[in-house]
Amino acid sequence: FLRQKLFKRLAMKRTMYNPPAKYRRDCVPTEKDNYWRMMTMKGKVHDETAYLMSGVAGHAGLFSTAGDLAKFMYMMLNGGMYGSKKILNSTTINEWTKRQTESSSRGLGWDTKSEGYASCGELFSKHSFGHTGFTGTSVWADKDRELFVILLTNRVYPTRENRKIIKFRPPLHNAVVKAVDYDF
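The model shown is predicted, which means the values in this text are computed figures rather than measured ones.

(A) Looking closely at a nonpolar patch on the surface. Together, Tyr-35, Trp-36 and Leu-52 give the surface a local cluster of nonpolar side chains, amounting to about 440 Å² of exposed area. Assessed through its relative accessible area of 39%, Trp-36 is described here as partly exposed.

(B) Summary view of helix α4 (residues 66–77). An ideal rise of 1.5 Å per residue puts 16 Å on 12 residues; α4 measures up with 16 Å between its terminal C-alpha atoms. Residues of α4 that are buried include every one of Asp-68, Leu-69, Phe-72, Met-73, Met-75 and Met-76, and no others. Down the axis of α4, the buried side of the element spans an arc of 155°, and every buried residue falls inside it. Of the surrounding elements, those touching the buried residues of α4 are α1 (2–7), β5 (81–82), α5 (90–96), β8 (128–132), β9 (138–142) and β10 (147–151).

(C) Layout of the packing of aromatic side chains. Summed over the entire model, instances satisfying the criterion amount to 4 aromatic pairs. Here Trp-36 and Tyr-51 contribute two aromatic rings whose centre-to-centre distance is 5.5 Å and whose plane-to-plane angle is 75°, an arrangement assigned as edge-to-face. Here Tyr-51 lies in helix α3 (residues 48–52) and Trp-36 lies in the loop between β2 (29–33) and β3 (39–42), a separation of 15 residues in the sequence. Given a relative accessible area of 30%, Tyr-51 falls into the partly exposed group. Where Trp-110 meets Phe-129, the ring centres are 5.0 Å apart and the plane angle is 90°; that geometry is what we call edge-to-face. One end of the pair, Trp-110, is in the loop between α5 and β7 (111–112); the other, Phe-129, is in strand β8, and 19 residues separate them in sequence. In this structure Trp-110 comes out as buried when scored by relative accessible area, which is 10%. Take Phe-129: its relative accessible area is 0%, and that puts it in the buried class.

(D) Helix α6 (residues 165–180), seen in detail. A rise of 1.5 Å per residue sets the reference length of α6, with its 16 residues, at 22 Å; its end C-alpha atoms lie 23 Å apart and thus fit the reference within 8%. Buried within α6 we find Ile-165, Arg-169, Pro-170, His-173, Asn-174 and Val-177. At its buried positions, α6 is contacted by β8, β9 and β10.

(E) Layout of the side chain of Asp-33. Considering the arrangement of structural elements, one finds Asp-33 in strand β2. Residue classification places Asp-33 among the buried residues on the basis of a relative accessible area of 5%.

The rules behind these values
Residues numbered from 1 in each chain as written. Predicted model: local features only at pLDDT ≥ 70, side-chain atom pairs only at ≥ 80, totals over all residues. Heavy atoms only, no water. Patch = residues over 30% accessible without salt bridge, like charges linked within 9 Å, V, L, I, M, F, W, Y side chains within 5 Å. Areas by Shrake-Rupley, 256 points an atom, 1.4 Å probe, with all protein chains shown as cover. Salt bridge = Lys/Arg side-chain N within 4 Å of Asp/Glu carboxyl O. Buried < 20%, exposed > 50% of the residue type's maximum accessible area, 1.4 Å probe, protein only. Helix = DSSP H or I, 4+ residues; strand = E, 2+ residues; numbered from the N terminus. Expected span 1.5 Å × (residues − 1). Arc of directions from axis to C-beta. Contact = heavy atoms within 4.5 Å. Phe/Tyr/Trp six-rings, centres within 6.5 Å; stacked < 30°, edge-to-face > 60°.

Everything listed here is a matter of coordinates, which is why it stays silent on function.
Next up, the structure:
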């Protein structure tokens, strides 16, 4: 479904579940799993539950590139349009990327900017949305600035005990805003 309805229409040629061997060489290792799978995870979903689901799950297992993700995020900030193609309705995107309750910063499949600590830093606007992954990946978009940041890391290599990404993300996003926002 995703391949036909989304990835193909956005020309996202390197976004997929369970990358074949020819693409696995381009994947960075995620973790040296010395507990359960007894292997270095590379080109296979890191999340244990998704791994048990043959690598395909709504919460984990999707492999992509910065270039492919840029197409997706551009479409999200462009009201669902990519070139002359309407991929999603803007009302759907707005519903997904807004807070669903006052007691949570969560949208539908997305996070929104929190008061206080936010992985997108202090300078992204209150109309920002993003998603972070356990292995260190993240995408954040600021609707007001029409700006997005894609961060692809392997913070769990060699071990998931590495939690430095939590302190790294906010200053990275702040630095990007300062670098491109001339009105700042």
